[in-house]
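# A structural walkthrough
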Amino acid sequence: MNFVAYNPTRLVFGAGSLSKLGELTSPYGKKALIVTGGNSVKKSGVFARAVASLNAAGVAVAECAGIEPNPRITSVKRGADIARAEKCDVVIALGGGSAMDASKVIAAAALYDGDPWNLIGHGQENWAIPKQALPIITVPTLAATGSEMNAGAVISNEETKVKSFVQAECLFPKVAVVYPELTLSVPQDQTAYGVCDIITHVTEGYFNGVDGTPIQDRFAEGVIINAIEWGKKAVADGNNLDAREQVQWASIVALNGWVQAGTSGGYPVHMIEHALSAHHDITHGAGLAIVNPAWMRFAAKSRPERFAQFAERVFGLSPAGKDTTTLALEGIDAYVTFLKEIGCPTTLSEVGIGEELFEQYAKDAVLVVRDKEGNLLGRPPMSQDDIVAVLRSAL
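Residues numbered from 1 in each chain as written. Predicted model: local features only at pLDDT ≥ 70, side-chain atom pairs only at ≥ 80, totals over all residues. Heavy atoms only, no water.

## Overview of helix H6 (residues 188–208)
Along its 21 residues, H6 runs 30 Å from first to last C-alpha, staying within 8% of the 30 Å computed at 1.5 Å per residue. Burial analysis of H6 places 18 of its 21 residues in the buried class, the great majority of the element. (Helix = DSSP H or I, 4+ residues; strand = E, 2+ residues; numbered from the N terminus. Expected span 1.5 Å × (residues − 1). Buried < 20%, exposed > 50% of the residue type's maximum accessible area, 1.4 Å probe, protein only.)

## What about the side chain of Thr-203?
Take Thr-203: it is sitting in helix H6. Side-chain polar atoms of Thr-203 contact the backbone oxygen of Thr-200, separated by 3.2 Å. Excluding residues within four positions of it along the chain, Thr-203 makes contact with Asn-208, Ile-224, Asn-292, Met-296 and Phe-310. (Polar contact = N/O pair within 3.5 Å; in protein donor to acceptor, adjacent residues only side chain to side chain. Contact = heavy atoms within 4.5 Å.)

## Observations regarding the environment of Tyr-28
Mapped onto the fold, Tyr-28 is located in the loop between helix H1 (21–25) and strand S2 (31–35). On the basis of relative accessibility, which here comes to 32%, the residue Tyr-28 falls in the partly exposed class. Expressed as a C-alpha distance, the spacing of Tyr-28 and Ser-75, which sit 47 residues apart in the sequence, is 24 Å. Each residue touching Tyr-28, except ones within four places of it in the same chain, is listed here: Asp-89, Val-90, Pro-135, Ile-137, Lys-174 and Val-175.

## Comments concerning the packing of helix H10 (residues 284–300) against helix H12 (residues 324–341)
Orientation of H10 relative to H12, taken along the N-to-C sense of each, is 175 degrees, at an axis distance of 10 Å. With respect to each other, H10 and H12 are oriented roughly antiparallel. In contact with Ala-289, Asn-292, Pro-293, Met-296, Arg-297 and Ala-300 of H10, H12 contributes Ile-332, Asp-333, Tyr-335, Val-336 and Leu-339. Of the residues belonging to the contact of H10 with H12, the class tally is 8 nonpolar, 1 polar and 2 charged. (Axes fitted to C-alpha atoms, helices over the stretch in contact; angles between N-to-C directions. Parallel < 35°, antiparallel > 145°, perpendicular 65-115°, else oblique. Nonpolar A, V, L, I, M, F, W, Y, C, P; charged D, E, K, R; others polar.)

## Observations concerning the sheet that holds strand S5 (residues 136–140)
Strand order in the open sheet made by the 6 strands is S1-S8-S5-S4-S2-S3, with parallel pairing throughout. The open sheet has two edge strands, strand S1 (10–13) and strand S3 (60–64), and neither has a second partner. Pairs of neighbouring strands in the sheet enclose a mean axial angle of 20 degrees, with direction left out of account. In the sheet, S2 pairs with strand S4 (residues 90–95) via 4 bridges, with the strands oriented parallel. In the sheet register, Ile-34 faces S4, and the bridge partner there is Ile-92. Against the sheet, helix H3 (residues 46–56) engages S2, S3 and S4, with an angle of about 150 degrees to S3. The sheet contacts of helix H8 (residues 241–255) involve S1, S5 and strand S8 (175–178), and relative to S1 the element is tilted by about 170 degrees. (Pairing = 2+ DSSP bridges.)

## Here's the deal with the nonpolar core
Judged by nonpolar contacts, the single largest core of 68 residues is most densely connected at Trp-295, Phe-307 and Ile-387. The element that contributes the greatest number of residues to this core is H10, accounting for 11 residues. Within the second largest apolar cluster, 29 residues are counted, among which are Cys-64, Ala-108, Ile-120 and Val-162. (Core = buried A, V, L, I, M, F, W, Y, C linked by side-chain atoms within 4.5 Å.)

## A word on the pattern of salt bridges
For the structure on display, the rule yields 15 salt bridges. Between Arg-84 and Asp-81 there is a salt bridge whose closest N-O contact spans 2.9 Å. With Arg-84 and Asp-81 both in helix H4 (residues 73–85) and 3 residues apart, the pair spans about one turn of that helix. Classification of Arg-84 as partly exposed rests on a relative accessible area of 38%. Put simply, Arg-392 and Glu-355 hold a salt bridge, and the shortest N to O gap is 3.3 Å. (Salt bridge = Lys/Arg side-chain N within 4 Å of Asp/Glu carboxyl O.)

Rendered as C-alpha cells:
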C-alpha cells in the first residue's frame, strides 16, 4: 500500500459539547454565519443554545437558513452573499449533511470572485478547486454523511439537474462539535436512511478498493456490523441515546478517512445515486439503499470472492456446501433484508422513478469520475450500458 492519511479536524464528541461551541469558535472568528436547514433547530431550542454559547464567548452571529435536503448552488450563492455582507469570518454548520456540505462551499465561495458552481466538478475544463475558505465549524444534527469531519461536499444545480462534488484541503472543518443528543428528534425514516448512508460509505471502499488491505477490511466490517446492530436499535427507539451515540460515531469513522486509508477505492454507487437525486430530489440515503444492492449484484459477478467474504464476516453466513457465487448473492440478499427491516426502499418503483431517463442518469454518473475510456471508476469499471442495466435491475 502507498498512501497519505491526513485529517486535521478537531473532534469534540459527547455530552455537553454544544455548550462549548462559543469557546471552540472564538479562536477562528468574531462573527459567525450559522447555516441551517429547516426550522427544527429553532423549534427544538438548539439554535438559541448555540447562539447563547457563541455570544457568551464574544462571537456575533448572522444566519443563512433554509438549506435544502439536496443543497442547491443557489443557496450556496445566497450564503456567500450573506457572509460577505455581514462581514462574517467563520462559518458554522448547524444541521445535517446538507447544511454541512453547503457551509463548506459557502466558506469557499465567500472568498471566490467567480461563479460558485465553478467550484463544483461538473465536467468543466477548468475546475476551480478551492484553495482557501473561511474557517468552518460543524455541529451535526443527523448521523449519516460524516461531513462533519471530512473535506468533501456535494451540491446540486437545479437548472442543469447535475449533482456533483468538491474535495479540497481548505474545506476540512477546524472543529466538529458532535453532541449525539441532537439526533434524538430525527424521524424514524431519516434515521434509517442515515444508517444506509453510513454503510454505503464503507462498502464503496471495501468492494472497490485495491487488494491486500486486511486491516482496513476488518475495520470496514466492524463499522458495518456495528452500524447494523445499533442502527436497528436507533430506528426501533429514537430515544435510545446509547444507540444514537454509536450510530453517530459510526457516521464519523465511515468517512473521515480512517477506513479508506490505503484502499484507493472508487465511489460508483454514489455517482449513480447523485444522478438520480439530482433529477428527483430523493433523500440521498434512500437512493443509496436502492442503488447499492443492485450494483452489488452486478459487481459480484466479476469478484464473487469479495462478496462471499462480506456475507461470511458481516452476516455470519456459512460457506458450507455453497459455491462462492451463491454465498456472495446470499450476503447481498441478507443486506437487502436488513434495509427492508429498517424501512428503506430497495427498488426505484418505491420512490416513483421509472426508466424514462436511465440513459441520462448514466451519462450524468460519468460526468466527473471516469477512466480514459469513459467508464465509471470501480471494480469493475462500468460503461454507460452497465449503469443502465444496473438501474433496470433496481426497478
